[in-house]
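Secondary and tertiary structure notes
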Amino acid sequence: MVTIGLDISKSWFQIHWITADGEIIRKKLARGKVLDFFSRLPSCLVGLEACGSAHHWARELIKLGHKARLMPARYVRAYVKTNKHDAADAEACWEAVQRPGMRFVPVKTVEQQGILMLHRTRDLLFDSAQAR
């Protein structure tokens, strides 16, 4: 199974993987081209840093038959070899997802994310009311 590191952002996504021949592939994709790119690949393991939008992308990748694994950003940061930029983050995701001791974040459903948003909004309102 091919392993891919995926760094997501607003407009451009960075992908990193190594072929069976040992060739390092780094690819920059526009947001609208990501699902098309992954739909053409055979099933693979995709590592992403966990954040709110990463759950959406993980769900979409799983629909396409891939195995998406979310990792806490602080765990992935240890694998960044150079200055922090999108290509280095994608490489770090690729490296981290293959580690046997890595802890993964479960992919949340849309409903779970909605409930979390309600709880966080309530906490913000409660905290601001107490501050007065």
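Residues numbered from 1 in each chain as written. Predicted model: local features only at pLDDT ≥ 70, side-chain atom pairs only at ≥ 80, totals over all residues. Heavy atoms only, no water.

On a plain count of helices and strands, the protein chain comes out with 5 helices and 5 strands. Starting at the N terminus and walking to the C terminus, you meet the elements of the protein chain as β-β-β-α-β-α-β-α-α-α. Structurally, the protein chain occupies a C-alpha span of about 60 × 30 × 30 Å along its principal axes. Relative to its 132 residues, the protein chain shows a buried fraction of 36%. (Helix = DSSP H or I, 4+ residues; strand = E, 2+ residues; numbered from the N terminus. Buried < 20%, exposed > 50% of the residue type's maximum accessible area, 1.4 Å probe, protein only.)

Among the structural elements, T109 can be located in the loop between α4 (86-97) and α5 (110-131). We classify T109 as partly exposed; its relative accessible area is 35%. Here the alpha-carbon distance between T109 and R59, two residues 50 residues apart in the chain, equals 7.8 Å.

Take the pattern of salt bridges next. What the rule picks out here adds up to 7 salt bridges. Two residues, R40 and D36, come together in a salt bridge whose shortest N-O distance is 3.0 Å. Judged by its relative accessible area of 37%, D36 is partly exposed. K81 is paired through a salt bridge with E91; the nearest N and O atoms lie 3.2 Å apart. Of this pair, K81 sits in the loop between α3 (73-76) and α4 while E91 sits in helix α4, and the two are 10 residues apart along the sequence. Shared partners join several salt bridges into a network, and the residues in it are R26, K81 and E91. (Salt bridge = Lys/Arg side-chain N within 4 Å of Asp/Glu carboxyl O.)

The next point concerns the side chain of D89. Within the fold, D89 resides in helix α4. A relative accessible area of 5% places D89 in the buried class. What D89 contacts, discounting residues up to four positions off in sequence, is D7, V80 and K84. (Contact = heavy atoms within 4.5 Å.)

Its 12 residues place the ends of α4 16 Å apart at the C-alpha level, agreeing with the 16 Å of an ideal helix rising 1.5 Å per residue. Within α4, 11 of the 12 residues are buried, which leaves it mostly tucked inside the rest of the structure. Close packing links the buried residues of α4 with β1 (2-7), β2 (12-18), β3 (24-30), β4 (44-49), β5 (67-71) and α3. (Expected span 1.5 Å × (residues − 1).)

Let us now look at the pairing of β5. Two faces belong to every sheet, and in a regular strand the side chains alternate between them. Note: β4 against β5, 5 bridges, orientation parallel. Bridging across to β5, E49 finds its partner in M71. Each parallel crossover has a hand, and the one from β4 via helix α2 (residues 52-63) to β5 is right-handed. (Pairing = 2+ DSSP bridges. Right-handed = clockwise from strand over helix to strand, strands pointing away.)

For the protein chain, per-residue confidence averages 93 on the pLDDT scale, and residues scoring 70 or more make up 100% of the total. Highest mean pLDDT in the protein chain belongs to β5 (98); lowest belongs to α5 (88). (pLDDT = per-residue confidence, 0-100.)

Applying the stated criterion to the full structure yields 3 aromatic pairs. An angle of 80° between the planes, with centres 4.9 Å apart, marks the rings of F13 and W57 as edge-to-face. Here F13, found in strand β2, pairs with W57, found in helix α2; they are 44 residues apart in sequence, far enough to count as distant. Overall, W57 belongs to the buried group, its relative accessible area being 6%. Centroid distance W17 to F37: 6.0 Å. Interplanar angle 45°. Geometry classified as tilted. (Phe/Tyr/Trp six-rings, centres within 6.5 Å; stacked < 30°, edge-to-face > 60°.)

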